[in-house]
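Architecture and fold: a report
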Amino acid sequence: MVTAAAEAAESLIGIARATVRDLRQADADSLELTLDSTLDHDLGLDSLARVELFARIERELGVQLPDSLLETAETLRDLAAAVGHAPSIRLVKPLRVAERAPASTLAVPPPASVTTLDQVLRWHREHHAEFAHITLCGDAQEEVITYDQLWRDARAIAGGLQQHGIRLGDTVALMLPTGRDYFGAFFGILLAGGVPVPLYPPTRLSQIEEHVRRHAGILANAEARTLITTAEMRGMAAVLRVHAPALQWIVMPDDLRSARTEPTHVPLRPDSTALLQYTSGSTGNPKGVILSHSNILSNISALGRALGVRSDDVFVSWLPLYHDMGLIGAWLGTLYFGLPLIVMSPLAFLTRPSRWLEAIHRHRGTLSAAPNFAYELCLKRMTDDELAELDLSTWRIAMNGAEAVIPQTLARFQERFSRCGLRPSTLTPVYGLAECSVGLTVPPLERGPLVDVIEREPFVRKGIAIPANPEACDTLAFVSCGRPIERHEVRIVDDTGHELGDRREGRLEFRGPSATRGYYRNPDATARLIRGGWLDSGDRAYTVNGEIYVTGRIKDIIIRAGRHIYPDKIEAALGDIAGVRKGCVAVFGSTDPSTGTERVIVLAETRLEDAARRDALRQEILARVTQLLGEPPDEVVLVVPHTVLKTSSGKIRRAATREIYESGKHRAARQRAAWLQLLSLGRSALWPACRRTMRRASDLLYGAYFWTAFSLLGSATFLCMLLPLRRRTIWSVVHRAARLFLRLVGIPVTVQHHTTVTETEGGILVANHSSYLDGLFLLATIPHDCRFVAKRELARMPIVGTFLRRLGAFFVERFDARGGVEDAHQLAKLAAQGESCIFFPEGTFTRAPGLRPFHLGAFSVAVETRRPIIPVALCGTRALLRDEQWLPRRAPVTVHIGAPIETPSSPNTFAATVATRDAARRFILEHCGEPDLTKP
């Protein structure tokens, strides 16, 4: 007779075999599975695959497994024991809605005088002591932490740290799970004058060895003398002392509180280091991003404006607090703006993704963020019954970032959850990185995702993103991550460092007040990160109308579920296995459209032909990778020699090898002579280098020709201007010289007249300002003489000042209010006499694209004198020669000259001035081809 236990074991093994089969981890039918089979080595299940297995067990056996089992289970026998004691799954419970705080008790952000994180917490404690800042969601109940409680807990821990010798600038490692202790310990370190170094806790016992090895490198680099952790992790932490000699003290939060010591106030500066955020993955050298208080607060405030943060917003998060997206984006952001943070552990989300969306329903959440795989997990794991009562109508912004954003995920998530009230505008793809604190680009709100479908072949071969028909075959799709946040800039450069125009893929660089000053105690990596004031993101991207489309990572780093994996270390280790051709292993990431996350693929060359020996080799590779990463790869593929592609210098061409794998060509790979392979690889490496050199030489030659022509023709024109000629004649000379110069340097100029030339005479011309050459193009396209209105500083420049004076320019004072008023009166007199004046109402220009706000001066003169405004839109001059750039790039330019805008007759001159300004700006914005910088 078959016992119930035997039946349960058989069912469990059947579920495990079906899971392995569906995940394509191995030949499931040939696996000899028993209750003692391990989840890692025998079944080959990583963290997300474990989640899938547990979900199937719960669904098919009708039980509810404990969350902790995801971390502790090592074998199928562990699961069988848990199933035997697990309670039956109850019917879906009605979702309740938590009470919202009354509007009178909402918190507000601190004033601008608050410049450090400790001051932020102190200010909120003084003004909103009882505000429920953090709500910790658990299985049994929710725990609330107010600003006052967080402040008191942090001071208690700070006193304990100072008693044990922590001083200003000392690094303190923090290895705690999401919970009350983490929040208090983080600010306790800051109040003591220390620098927090967040580390992630180990998830499973099988990962301890890898965990110790990786974290020992971080602790050694950070020179942390103190580690705050839990009682459960204390034994593992003690092992770190062997590998991190600087580590002297391992302590729990309760130990620090028990000291009952009042901390001494340590004044912190905005430029003081507030945090070391380590970016390394499970292999590779750790790099600690230095983030100051100013970096973090600049990023938080800019993101808040970009996201339109409101006082009644509620942020719901399960993101890990050792990651910048969870630590800064979710927690410190809500701390600053005085918002409620509803937080649960990452484990709670992974075991039951529905908890995340149920928390948004229950707490009427408006803001949340997660990597792409989280949205896929909700799609896959949540049932229709769970969606029946779910209300997501309050969800205002659902940020998708930290890993590649998959267009199909966005579309399917919107389609599935629209029945729950999810609006199309809620899904918000964003881009950021630890080196910029957390966030760098955000799309316009209320628009929804913008997907760019492009032709595959031009993009793969030349890096040109040509728009394609969405229904066409052989296309690629990328999602816009928006524009840079306020006071931050992004540029796309080629391999020679030259900035590229729209729809040209290149290296993404950035700068701004949130940018790190470098990596901690790692000058070599810092030198590679920062070049000429710009930071290398390590990503490739292209732009369209000022928006960023990220296309991939430069160094082939694999990101799976937010975790970075460095292929080169794995490849080197696998090359030592008998049967594997040394140096002929490629490890790369391949996006799985069914899960929305990257699969780790190992492609290894071997000469073995016997099926049994190949299976044994595959299992050995699986075990070695699991040992290195703490989790197995998604697929191990054994291929014939010469399948793995290399450069002429012997380096693995991972991107090219991935193309072979994804196209299926690795199954039919044929052997080639070594000299043919080397010749092919050498040719492929040599031609791009020659092409870059030729492009660089061409750019330099053109630049030399451009400025030579400018100098010669400009000198001759300047000498003519010194002759005693009428201003109208001088303008005619300069007009003809400018047109000749543009023809000589091969810049095509198109003039679009929306009015007749004679209608512009006597008007007030206003133009957008985007380049050093804007005045040149106005001189070349406007035949009648005008007076440029220029800043007074130019009058003091010997050549430029003389040139502008001979043209009849009027110089205005920018910094003296009384002088500015007098200048306005003089301008009004000139306009009243019928003089045409040219204004750049933006006042200045920057290298970043976008139309800036307009000053009112030109429009006030027009209203006062009843002269028409002539809007002029310059399109393309920024790409030709932008701010901080002296090497011109050939680009077509279009000049749109608009129809006169008559000033309205109104007793309210201010209202008339504003209306005229708005009308002119609408025309220029429509035709300049750049985004509106007055909108978030």
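The text that follows walks through the structure, step by step, so that each part is easy to find. (Residues numbered from 1 in each chain as written. Predicted model: local features only at pLDDT ≥ 70, side-chain atom pairs only at ≥ 80, totals over all residues. Heavy atoms only, no water.)

**Observations regarding the overall build of the protein**
A tally of regular secondary structure across the protein gives 31 helices and 34 strands. Residue burial in the protein is summarised as follows: out of 936 residues, 56% are buried. For the protein, long-range pairs separated by at least 24 residues make up 72% of all intrachain contacts whose partners lie at least 6 apart in sequence. Element-wise, carbon and sulfur atoms account for 54% of the exposed surface of the protein, whose accessible area totals about 40,200 Å². (Helix = DSSP H or I, 4+ residues; strand = E, 2+ residues; numbered from the N terminus. Buried < 20%, exposed > 50% of the residue type's maximum accessible area, 1.4 Å probe, protein only. Contact = heavy atoms within 4.5 Å. Areas by Shrake-Rupley, 256 points an atom, 1.4 Å probe, with all protein chains shown as cover.)

**Considering the sheet that holds strand β31 (residues 810-812)**
Judged by pairing direction, the sheet is mixed, and its 7 strands sit side by side in the order β28-β34-β33-β29-β32-β30-β31 without closing on themselves. A single partner strand is all that each edge strand has here, and the edge strands are β28 (749-753) and β31. Strand-to-strand, the axes of this sheet are offset by a mean angle of 25°, without reference to chain direction. As defined by bridge partners, strand β30 (residues 787-791) adjoins strand β32 (residues 837-839) across 2 bridges and the pair is classed as parallel. (Pairing = 2+ DSSP bridges. Axes fitted to C-alpha atoms, helices over the stretch in contact; angles between N-to-C directions.)

**Description of helix α21 (residues 611-629)**
The terminal C-alpha atoms of α21, which comprises 19 residues, lie 27 Å apart, in line with the 27 Å expected from a rise of 1.5 Å per residue. For α21, the complete set of buried residues consists of L617, I621, L622, V625, T626, L628 and L629. The N-cap of α21, judged by a side-chain oxygen 3.2 Å from the amide nitrogen of A612 a few residues on, is D610. (Expected span 1.5 Å × (residues − 1). Polar contact = N/O pair within 3.5 Å; in protein donor to acceptor, adjacent residues only side chain to side chain.)

**Quick word on a nonpolar patch on the surface**
Together, Y705, L740 and L744 line one region of the surface with nonpolar side chains, adding up to about 260 Å² of accessible area. With respect to the helices, strands and loops of the structure, L740 is situated in helix α24 (residues 727-744). Judged by relative accessible area, which is 33%, L740 ranks as partly exposed. (Patch = residues over 30% accessible without salt bridge, like charges linked within 9 Å, V, L, I, M, F, W, Y side chains within 5 Å. Salt bridge = Lys/Arg side-chain N within 4 Å of Asp/Glu carboxyl O.)

**Describing the nonpolar core**
In globular proteins that are soluble, nonpolar side chains generally tend to be buried together. Of all hydrophobic cores here, the largest spans 145 residues; its most connected members are W331, L332, W356, L357 and F417. Considering every element that reaches this core, the biggest residue donor is helix α12 (residues 324-337), with 9 residues. Residues within four places of L357 in sequence aside, it is in contact with C378, M382, L390, L392, W395, F413 and F417. Grouped together as the second largest cluster of nonpolar side chains are 40 residues, L776, I782, A795 and V893 included. (Core = buried A, V, L, I, M, F, W, Y, C linked by side-chain atoms within 4.5 Å.)

**Considerations on the side chain of R921**
Structurally, the position occupied by R921 is in helix α31 (residues 909-928). The exposure class of R921 is buried, given its relative accessible area of 11%. For R921, the side chain forms a polar contact with the main-chain oxygen of R852, separated by 3.1 Å. Within polar-contact distance, the side chain of R921 engages the side chain of D932 at 3.0 Å. If sequence neighbours within four positions are ignored, R921 has contacts with L851, R852, P853, F854, D932, L933 and T934.

**A closer look at the packing of aromatic side chains**
Tallying each qualifying case throughout the model produces 32 aromatic pairs. Where F459 meets Y542, the ring centres are 5.9 Å apart and the plane angle is 65°; that geometry is what we call edge-to-face. Separated by 83 residues along the polypeptide, F459 in helix α18 (residues 456-462) and Y542 in strand β21 (residues 534-544) bring together distant segments of the chain. One exposure class covers both F459 and Y542, and it is buried. Measuring from centroid to centroid gives 5.5 Å for W707 and F710, while their planes differ by 80°, and the two rings are edge-to-face. With a gap of 3 residues between them, W707 and F710 both fall in helix α23 (residues 674-721), about one helical turn apart. (Phe/Tyr/Trp six-rings, centres within 6.5 Å; stacked < 30°, edge-to-face > 60°.)

**A look at the sheet that holds strand β9 (residues 315-317)**
Taken in spatial order, the 7 strands line up as β2-β1-β10-β9-β11-β12-β13 in an open sheet, and their pairing is mixed. Since the sheet does not close on itself, it has two edges, and those belong to β2 (142-146) and β13 (427-429), each with one partner. Across the sheet, the mean angle separating the axes of adjacent strands is 20° when strand polarity is ignored. Pairing geometry for β9 and strand β10 (residues 341-343), over 3 bridges, is parallel. The residue bridging S317 from the neighbouring strand is V343, located in β10.

**Structural notes on the packing of helix α7 (residues 180-191) against α12**
Orientation of α7 relative to α12, taken along the N-to-C sense of each, is 75°, at an axis distance of 13 Å. Between α7 and α12, the angle is such that the two are roughly perpendicular. Side by side, α7 and α12 meet where Y182, F183, F186 and F187 of the first sit next to L327, W331, L332 and L335 of the second. Considered class by class, the residues forming the contact of α7 with α12 number 8 nonpolar, no polar and no charged. (Parallel < 35°, antiparallel > 145°, perpendicular 65-115°, else oblique. Nonpolar A, V, L, I, M, F, W, Y, C, P; charged D, E, K, R; others polar.)

**So, unusual backbone geometry**
Peptide bonds are mostly trans, and most non-glycine residues show a negative phi. Notably, A402 is not glycine yet its phi reads approximately 80°, a positive angle. Among the secondary structure elements, A402 is positioned in the loop between β12 (397-400) and α17 (407-417). On the basis of relative accessibility, which here comes to 34%, the residue A402 falls in the partly exposed class. The phi dihedral of R487 falls on the positive side, at around 70°, and the residue is not glycine. Structurally, the position occupied by R487 is in the loop between β17 (483-484) and β18 (489-493). Judged by relative accessible area, R487 falls into the exposed class, the value being 60%.

**What to know about the environment of T903**
With respect to the secondary-structure elements, T903 resides in the loop between β34 (893-897) and α31. Between the alpha carbons of T903 and T865 there is a distance of 9.3 Å; along the sequence they are 38 residues apart. Among all residues touching T903, those that are not within four sequence positions of it are A862, V863, R866, R867 and T916. For T903, the side chain forms a polar contact with the side chain of R866, separated by 3.4 Å.

**What to know about the environment of G365**
Looking at where G365 falls in the secondary structure, it is placed in the loop between α14 (354-363) and β11 (367-370). Separated by 24 residues in sequence, G365 and L341 place their C-alpha atoms 9.2 Å apart. Those residues in contact with G365, other than ones at most four positions away along the chain, are V314, V316, I360, T394 and W395.

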